[in-house]
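Coordinate inspection notes
Single-letter residue listing:
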Amino acid sequence: MRARDAGWRATARFAGAAGVVGVYLDTDHWVELRVLAGRAVAEVAVAGLRHVLADVGVAEDGAADGGALGRGIELWCAAVPFSDSPYAQGGPDQVVLGLRSSDGVDTEVARVDGRLLSTEVAGGFTGRMIGTRASGRAAPLTLTRFAYAPGSD
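Just so we're clear, the structure is a prediction, and the values are computed from it rather than from any experiment.

Summing up its helical and strand segments, the protein has zero helices and ten strands in all. In the protein, the order of α-helices and β-strands from amino to carboxyl end is β-β-β-β-β-β-β-β-β-β. Looking at the protein as a whole, 45% of its 153 residues are labelled buried. Taking the intrachain contacts of the protein between residues at least 6 apart in sequence as the baseline, contacts between residues at least 24 apart amount to 55%. Counting only carbon and sulfur atoms, one obtains 51% of the accessible surface of the protein, whose full area is about 7600 Å².

With that out of the way, let us pick up the sheet that holds strand 4 (residues 39-46). In spatial order, the strands read 5-4-3-2-9; together these five strands make up an open sheet with antiparallel pairing. Each edge of the open sheet is held by one strand with a lone partner, namely strand 5 (49-57) and strand 9 (129-133). Adjacent strand axes in the sheet meet at a mean angle of 15°, parallel and antiparallel pairs treated alike. Sheet analysis places strand 2 (residues 19-26) next to strand 3 (residues 29-36), joined by seven bridges and oriented antiparallel. Counted as the bridge partner of valine 21 is leucine 33 from strand 3.

Here the focus is the side chain of aspartate 113. Turning to its location among the elements, aspartate 113 is positioned in strand 8 (residues 106-113). With a relative accessible area of 18%, aspartate 113 lands in the buried category.

With antiparallel pairing, five strands are arranged side by side in an open sheet as 8-7-6-1-10. Lying at the two open borders of the sheet, with one neighbouring strand each, are strand 8 and strand 10 (142-150). With direction set aside, neighbouring strand axes in the sheet form an average angle of 15°. In the sheet, strand 7 (residues 93-100) pairs with strand 8 via seven bridges, with the strands oriented antiparallel. Bridge pairing in strand 8 links leucine 99 to threonine 107.

Attention now moves to the pattern of salt bridges. Any two side chains of opposite charge can pair, on the condition that their charged atoms come close. Tallied over the full model, the rule gives twelve salt bridges. Among the ionic pairs, arginine 34 bridges to glutamate 43, the shortest N-O distance being 2.8 Å. Aspartate 106 is the partner of arginine 100 in a salt bridge, and the nearest nitrogen-oxygen pair spans 2.8 Å. Residue classification places arginine 100 among the partly exposed positions, given a relative accessible area of 29%. A relative accessible area of 33% means that aspartate 106 is categorised as partly exposed.

Once that is clear, we can look at the environment of alanine 47. In this structure, alanine 47 sits in the loop between strand 4 and strand 5. For the pair alanine 47 and aspartate 26, spaced 21 residues apart in sequence, the C-alpha to C-alpha distance is 9.7 Å. Not counting chain neighbours up to four residues away, the residues in contact with alanine 47 comprise Asp28 and His29.

Approximately 260 Å³ is the volume attributed to the largest pocket. The residue inventory of the lining of the largest pocket, partitioned by class, reads nine nonpolar, four polar and four charged.

As a further point, take the confidence of the model for the protein. The share of residues in the protein with pLDDT of 70 or more is 78%, and the mean pLDDT across the chain is 83. Contacts for the low-pLDDT stretch residues 65-70, under 50 throughout, to residues beyond four places or in other chains number 20 contacts.

About the criteria used
- Residues numbered from 1 in each chain as written.
- Predicted model: local features only at pLDDT ≥ 70, side-chain atom pairs only at ≥ 80, totals over all residues.
- Heavy atoms only, no water.
- Helix = DSSP H or I, 4+ residues; strand = E, 2+ residues; numbered from the N terminus.
- Buried < 20%, exposed > 50% of the residue type's maximum accessible area, 1.4 Å probe, protein only.
- Contact = heavy atoms within 4.5 Å.
- Areas by Shrake-Rupley, 256 points an atom, 1.4 Å probe, with all protein chains shown as cover.
- Pairing = 2+ DSSP bridges.
- Axes fitted to C-alpha atoms, helices over the stretch in contact; angles between N-to-C directions.
- Salt bridge = Lys/Arg side-chain N within 4 Å of Asp/Glu carboxyl O.
- 1 Å grid on protein atoms, 1.4 Å probe; cavity = no way out; pocket = protein on both sides within 12 Å on 5 of 7 lines; lining within 4 Å.
- Points joined across faces, edges and corners; volume = space filled by probe spheres on them.
- Nonpolar A, V, L, I, M, F, W, Y, C, P; charged D, E, K, R; others polar.
- pLDDT = per-residue confidence, 0-100.

This is the structure we're talking about:
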């Protein structure tokens, strides 16, 4: 889906132990969070360069504290204001990726400057797309819920 607001949050719940949520401008400019085999990996691509932002263990309940994932996972991404300070150096927003545990606790895994997914870096801006997909060659996966809401929280 296309991000329609300056600030937003999208969540994706998967039945299974793997899944991906990401924000995409085009095939060379994206950021995504993948969960597979008890690991959550955040990666960014800019102009053909790829970089792993974070690689953390994921517990059974979806908390990012190590362990094996088994019952399902909720991943989220959001566009939040860069800073409340008028003196901050950076873009208008940041793209944040995270996990939500079964008890509703959000854990931020990574964040990137939103300019990486804008015309400041990539030409031909058509808007940011938010998407989900299966992660690797995991067992069958079902997307059980996807939600998008305006705002930064």
